[in-house]
Amino acid sequence: MTGLIIMRALVFLALCYVVWQYFELKKFKMTEYEISSPKISREQRIVVLADLHGFEYGKNNEKLITKIRAYEPGMILIAGDMIVSKYPKTYHTALNTLKQLTAIAPVYYGFGNHESRGDKKGLVVSKEFSEYLKNAKNLGVVFLRNRNYTVESSGDRLRIGGLEISLDYYGKRKEIPLKKKYVRKLMGTASGEDFQILLAHNPLYSQEYAAWGADLTFCGHNHGGLVRIPGKGSLISPQLTFFPKYDGGLYEIDGKRVIVSCGLGTHTFHIRVFNRAELVAVRLSPKGTCQDK
């Protein structure tokens, strides 16, 4: 009798968990950071999307788009993985989202591992991915594949770079060192005068991005971890790494800043425990006008 009661209790708890996750994966939060710099003379608003993976919040992502539009960003940055490389259906969702984003502000798109994989020759969906890139470019999306793009806004110059590293650096349960000269080889020299932004999907190499010279780097990839311990951080990442160092939030490294998004979607492991999906918003301000938070 006792065993039957325990079994029923476990089934009930399992059902509660399934229901909770079903609704949890339909929600997201917006986290705003304030970053000050002597290279900025007037406030700049930026929205950053990472790891959407073809997710939708409301029909045609209306909830997500409404939130972004209300923030009134001057630019929108993509820190990789708008898609799931092997599922062309996510390409259509991502393209529809990009169409709406370009109507709000200029969109600058850095590749994640799923975009790099989609562009790999011989992949079954490579033709669909090429069409995705073509259509997105026609919308006005600026793709940054190991190049920088200078934006002039309100008298400030922001230099936005998109780093696309080899897929070898995304292996599970192994860490390949990333040398600073490798980043320099791909990206050239970081700007010393303009405010240098870097879109670099994999946060594992955050120290290398700061050493390259990025004033502010945006990463994703870890999805904030599959499971987070409140007040402590990620227990395990989608890369099956325990207690990843750069799992989500703001990090300061030798005077440079790295923001790691918890991501907006999931794939393969559709799990978010104490880890709400996240839209990142940033206010860049002149030095001394705000408290970084």
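In the block above lies the structure referred to throughout.
Below: a short report on this structure. (Residues numbered from 1 in each chain as written. Predicted model: local features only at pLDDT ≥ 70, side-chain atom pairs only at ≥ 80, totals over all residues. Heavy atoms only, no water.)

Regarding the nonpolar core
Note the cut-off: By nonpolar core we mean a set of buried residues, namely Ala, Val, Leu, Ile, Met, Phe, Trp, Tyr and Cys, connected to one another through side-chain atoms within 4.5 Å. Between buried and exposed lies partly exposed: a residue is buried under 20% and exposed over 50% of the maximum accessible area for its type, with that area taken using a 1.4 Å probe on protein chains only. The secondary structure listing takes helices from DSSP runs of H or I that are at least 4 residues long and strands from runs of E that are at least 2 residues long, numbered from the N terminus.
Ranked by size, the top nonpolar core spans 34 residues in total, and within it Leu 49, Met 82, Leu 98, Leu 101, Tyr 109 and Tyr 132 carry the most contacts. At the level of secondary structure, the elements contributing two or more residues to this core comprise β2 (44–49), α2 (62–71), β3 (75–79), α3 (88–102), β4 (107–110), α5 (126–139) and β14 (277–286). By residue number, the principal contributor to this core is α3, which donates five residues. Core analysis: the next-biggest nonpolar cluster, separate from the first, contains 24 residues, Ile 35, Ala 79, Leu 216 and Val 282 among them.

Brief notes about the sheet that holds β14
Quick note on the threshold: We treat two strands as partners when DSSP finds at least two bridges between them. Structural elements are reduced to axes, namely lines fitted to C-alpha atoms, with helices fitted over the stretch in contact, and the angle between N-to-C directions of any two is expressed from 0 to 180 degrees. By definition in these notes, contact holds between two residues if any of their heavy atoms fall within 4.5 Å.
As summarised here, the arrangement of the six strands in space is β1-β14-β2-β3-β4-β5, forming an open sheet in which the pairing is mixed. Edge strands, defined here as strands with exactly one partner in the open sheet, are β1 (28–37) and β5 (142–144). Across the sheet, the mean angle separating the axes of adjacent strands is 25° when strand polarity is ignored. Sheet topology note: the β2/β3 ladder contains four bridges and is parallel. Its bridge partner being in β3, Val 48 is matched across the sheet by Leu 77. Against the sheet, α3 makes contact with β2, β3 and β4, and its axis sits at roughly 140° relative to β4, the strand it touches most.

Quick notes on the pattern of salt bridges
We apply this condition: Whenever a carboxyl oxygen of Asp or Glu lies within 4 Å of a side-chain nitrogen of Lys or Arg, that contact is scored as a salt bridge.
In total, this model carries ten salt bridges according to the counting rule given. Asp 215 is the partner of Lys 39 in a salt bridge, and the nearest nitrogen-oxygen pair spans 3.0 Å. With Lys 39 in the loop between β1 and β2 and Asp 215 in the loop between α7 (206–212) and β9 (216–219), this residue pair connects regions lying 176 residues apart in the sequence. A salt bridge links Arg 157 to Glu 152; the shortest N-O distance between them is 3.1 Å. Given a relative accessible area of 64%, Glu 152 falls into the exposed group.

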